[in-house]
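Per-entry structural report
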Number of protein chains: 4
Amino acid sequence: MVSAMRDIGELTERLRDFAAARDWEQFHTPKNLVMALAGEAGELLAEFQWLTPEEAAHIMNDPRAADQVRSEIADVFLYLTRLADVLHVDLLGAAADKLAENERRYDAATYRGSRSKAPRLT
Amino acid sequence: MVSAMRDIGELTERLRDFAAARDWEQFHTPKNLVMALAGEAGELLAEFQWLTPEEAAHIMNDPRAADQVRSEIADVFLYLTRLADVLHVDLLGAAADKLAENERRYDAATYRGSRSKAPRLT
Amino acid sequence: MVSAMRDIGELTERLRDFAAARDWEQFHTPKNLVMALAGEAGELLAEFQWLTPEEAAHIMNDPRAADQVRSEIADVFLYLTRLADVLHVDLLGAAADKLAENERRYDAATYRGSRSKAPRLT
Amino acid sequence: MVSAMRDIGELTERLRDFAAARDWEQFHTPKNLVMALAGEAGELLAEFQWLTPEEAAHIMNDPRAADQVRSEIADVFLYLTRLADVLHVDLLGAAADKLAENERRYDAATYRGSRSKAPRLT
C-alpha cells in the first residue's frame, strides 16, 4: 500500500483529518478513546491467550496470525496516537521522560536478572 | 529532563538497551509484553472511570491528574514499542496500512456523522 | 434453554466437566485464563465505548445490544468462575471479605456523595 | 471476618446498599462500571505478567501473592455483580445459557484436545 508515514506527527495529522472528514470528533472524547484503546489491547490478548510461550515466540512465522497481530498492534497505536493528540500529550516526550525515570529507579547493577523484583519497563 | 527522543527508532533502541543492561530480555516475551500492555491500558481506564464526560474533557487542567495521565500513556507506549520490536513489527508502517484500509472502508461521505455505525478508527 | 443453574458451585462443576470432556485443562492455566478474562472485559468495553452516558443507560432497551451485552457479561463470568476454580479461590468468600473491608475503609458518613474521592466498590 | 455470604443475590443486595449509603449510585453507570471491571481485570493481569507458566501455576503457595490474587479476583467479581444488577442481567442465567451454547458449538468429540481450534469457554 502507498501508505508510508514519516513520523508520529504525520500520523497524528492523518488521524485528525480522518475524524474531521467523518464528523467523528464528537465521539473521540478522552473517556471513549481510553475505552477503545483498552478494548484493542484486549483483542491483542486474545491472539496470545491459548499459546504456549514457545508458540507465542514464533507467532510471526504463521502469515495469517502475523497479519492479525500486526493489525491489532496498529489498532492500539492508532487509538493511542489519537488519544495523545486529544489530550495534548507528546507521545515521544512522555515516553522519554518515563524511560529516564525508570533508568534511574531500576539501577542496572542492582536489578540485573532480578526475579524478586518485577522486571518491568515502567 | 534531558531525555529528548528523536523518533520511534531511537525509543526502540533505548528500550532494547534498557532490557539488555538488566538481563530482562528473558521476561520480555510476546505473551508477557501483551499482558503488560493491557495492564497499563487498564491503569489508564482507572484514571477516567469515575469522571463525567465533561470532567474527562478537562482532566489535563488538573496538574496532578495530567501528570498521572501522561505517565500512564507513556507506559502504554513503552510496552507497545517494546512489543513491536520483539515481534519485528514496524509501528508506523502497520499504522499507516491500517489507517489506509479504514479510509477506504469508512467512506467519508457515507459515514459522515453516522451514529448508527460505530465511529471508529479501526 | 433448559440451562438453569442453581449456584456458583454448580457452574464451577459444569465448567470443570466442559474442560475435561474436551481435554482442555491443559490450556486453562492461571496465566491463560487471566488473559482470556481480560480479553472478554475488553469486548464488554467495546459494546459501550461510543455511547453517550444516556445511550449506555438505556442499552438494554435495544434487544440486539441487550443480547450482546448479556453474552459478554456471561463470558466474563465464565472465565472468572473457571479461574477461581483453578486457583482454589472461593468467589463468594473473597467478595464478602473485600466488601466488608470496603465498608470499613469507606465510612458511609465521610464518603457520602464524595466526588473528591474515587467512588468505588474496591 | 464475619462476612459470609449465601449467594449472588445477597451479594447484589449488599452492593446495592453499599452504593446507596454513600450516594454513589450516580457514579455506578453502566459505562463507568464496565471501565472499572476492565481496570480490575488489568490489575489481575499485572499479578501474572512476569511469571513463567510454572510460577503462575504455583502462585497460591506464596501467601502474600495469594492474598493479592484473591483480592483482585474479588474486585472483578464485585464490579461484575454490580454491573449485572444495574443492567438487570441475571449472572447465573446468562452464564448457563452461554455454557449450554458452547457445549453445543464445541462438540466434545470433535474438539477433544484440539490445538488447531482455540480452546475456549466462550
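Everything discussed here concerns the structure shown above.
Quick look at the structure, then. (Residues numbered from 1 in each chain as written. Chains lettered and ligands numbered in written order. Predicted model: local features only at pLDDT ≥ 70, side-chain atom pairs only at ≥ 80, totals over all residues. Heavy atoms only, no water.)

Across its full length, chain A holds 6 helices and 0 strands. In chain A, the succession of α and β elements from N to C terminus is α-α-α-α-α-α. Computed over the C-alpha atoms, the radius of gyration of chain A is 18 Å, more than 25% above the 14 Å expected from 2.2 N^0.38 for a compact globule of 122 residues. C-alpha atoms of chain A, sized along the principal axes, occupy 50 × 35 × 30 Å. Here chain A holds 122 residues, and 57% of them are scored as buried. Contacts in chain A between residues far apart in sequence, at least 24 positions, make up 59% of those at least 6 positions apart. Counting every atom, chain A has about 5100 Å² of accessible surface; 48% of that belongs to carbon and sulfur. (Helix = DSSP H or I, 4+ residues; strand = E, 2+ residues; numbered from the N terminus. Rg over C-alpha atoms; globule rule 2.2 N^0.38 Å. Buried < 20%, exposed > 50% of the residue type's maximum accessible area, 1.4 Å probe, protein only. Contact = heavy atoms within 4.5 Å. Areas by Shrake-Rupley, 256 points an atom, 1.4 Å probe, with all protein chains shown as cover.)

Turning to the relation of the copies chain D and chain C, a few remarks are in order. The two copies are related by a screw motion: chain D maps onto chain C through a turn of 180° and a shift of 0.0 Å along the axis, at an RMSD of 0.0 Å. Here the copies are linked by what is in effect a two-fold axis. When the interface residues of chain D are mapped onto chain C, 100% of them again lie at the interface, so the same face is used by both copies. (Least-squares fit on C-alpha atoms with pLDDT ≥ 70 in both.)

With 164 residues, the main nonpolar core has Phe77(A), Phe77(B), Phe77(C) and Phe77(D) as its most contacted residues. Not counting residues up to four positions away in its chain, the partners in contact with Phe77(B) are Ile8(A), Phe77(A), Leu80(A), Leu91(A), Leu92(A), Ala95(A), Ile8(B), Leu11(B) and Leu91(B). (Core = buried A, V, L, I, M, F, W, Y, C linked by side-chain atoms within 4.5 Å.)

Turning our eyes to something else, we now look at the pattern of salt bridges. All names here are of chain A. Applying the stated criterion to the full structure yields 28 salt bridges over all chains. A salt bridge links arginine 82 to aspartate 85; the shortest N-O distance between them is 3.7 Å. Taken together, the residues span about one helical turn, with arginine 82 and aspartate 85 both in helix α4 (residues 63-86) at a distance of 3 residues. There is no split in this pair, since arginine 82 and aspartate 85 are both buried. In the salt-bridge network here, residues are joined through shared partners; they are Glu13, Arg16, Arg82 and Asp85. (Salt bridge = Lys/Arg side-chain N within 4 Å of Asp/Glu carboxyl O.)

A positive phi angle, near 55°, is found at Asp23(C), a position not held by glycine. Summarising the element assignment, Asp23(C) is placed in the loop between α1 (8-21) and α2 (30-48). For His88(D), which is not glycine, the phi torsion reads 60° and is therefore positive. Residue His88(D) is classed as exposed on the basis of its relative accessible area of 72%.

Turning next to the relation of the copies chain D and chain B. Mapping chain D onto chain B is achieved by rotating through 180° and translating by 0.0 Å along the same axis, at an RMSD of 0.0 Å. Interface overlap between copies is the fraction of interface residues in one copy that are interface residues in the other; for chain D against chain B it reaches 100%, indicating a shared surface.

Across the interface, helix α2 (residues 30-48) of chain A lies against helix α2 (residues 30-48) of chain B with an axial gap of 9 Å and an inter-helix angle of 160°. By the angle between their directions, the pair α2(A) and α2(B) is classed as roughly antiparallel. As for how α2(A) packs across α2(B), the hand of that crossing is left-handed. Contact residues: Pro30(A), Lys31(A), Val34(A), Met35(A), Leu37(A), Ala38(A), Ala41(A), Leu44(A), Leu45(A) and Phe48(A) in α2(A); Pro30(B), Lys31(B), Val34(B), Met35(B), Leu37(B), Ala38(B), Ala41(B), Leu44(B), Leu45(B) and Phe48(B) in α2(B). (Axes fitted to C-alpha atoms, helices over the stretch in contact; angles between N-to-C directions. Parallel < 35°, antiparallel > 145°, perpendicular 65-115°, else oblique. Left-handed = near helix turned anticlockwise from the far one by under 90°.)

If you look at the interface, chain D gives 78 residues, while chain C gives 78 residues. Carbon and sulfur atoms supply 71% of the area that chain D and chain C bury against each other, a total of about 7100 Å² over both sides. Across the chain D-chain C interface, the total number found is 6 salt bridges. Among the salt bridges present, the one from Asp97(C) reaches Arg70(D), with a minimum N-O distance of 3.1 Å. On the surface where chain D and chain C come into contact, there are 19 residue pairs in polar contact (both at pLDDT 80 or more). At the level of elements, α1 (8-21), α2 (30-48), α3 (53-57), α4 (63-86), α5 (91-105) and α6 (108-111) of chain D are the ones that each hand at least two residues to the side of chain D that touches chain C. (Buried area = accessible area lost by both parts, 1.4 Å probe. Polar contact = N/O pair within 3.5 Å; in protein donor to acceptor, adjacent residues only side chain to side chain.)

From the geometry alone we can't say anything about function, so treat these as descriptive.
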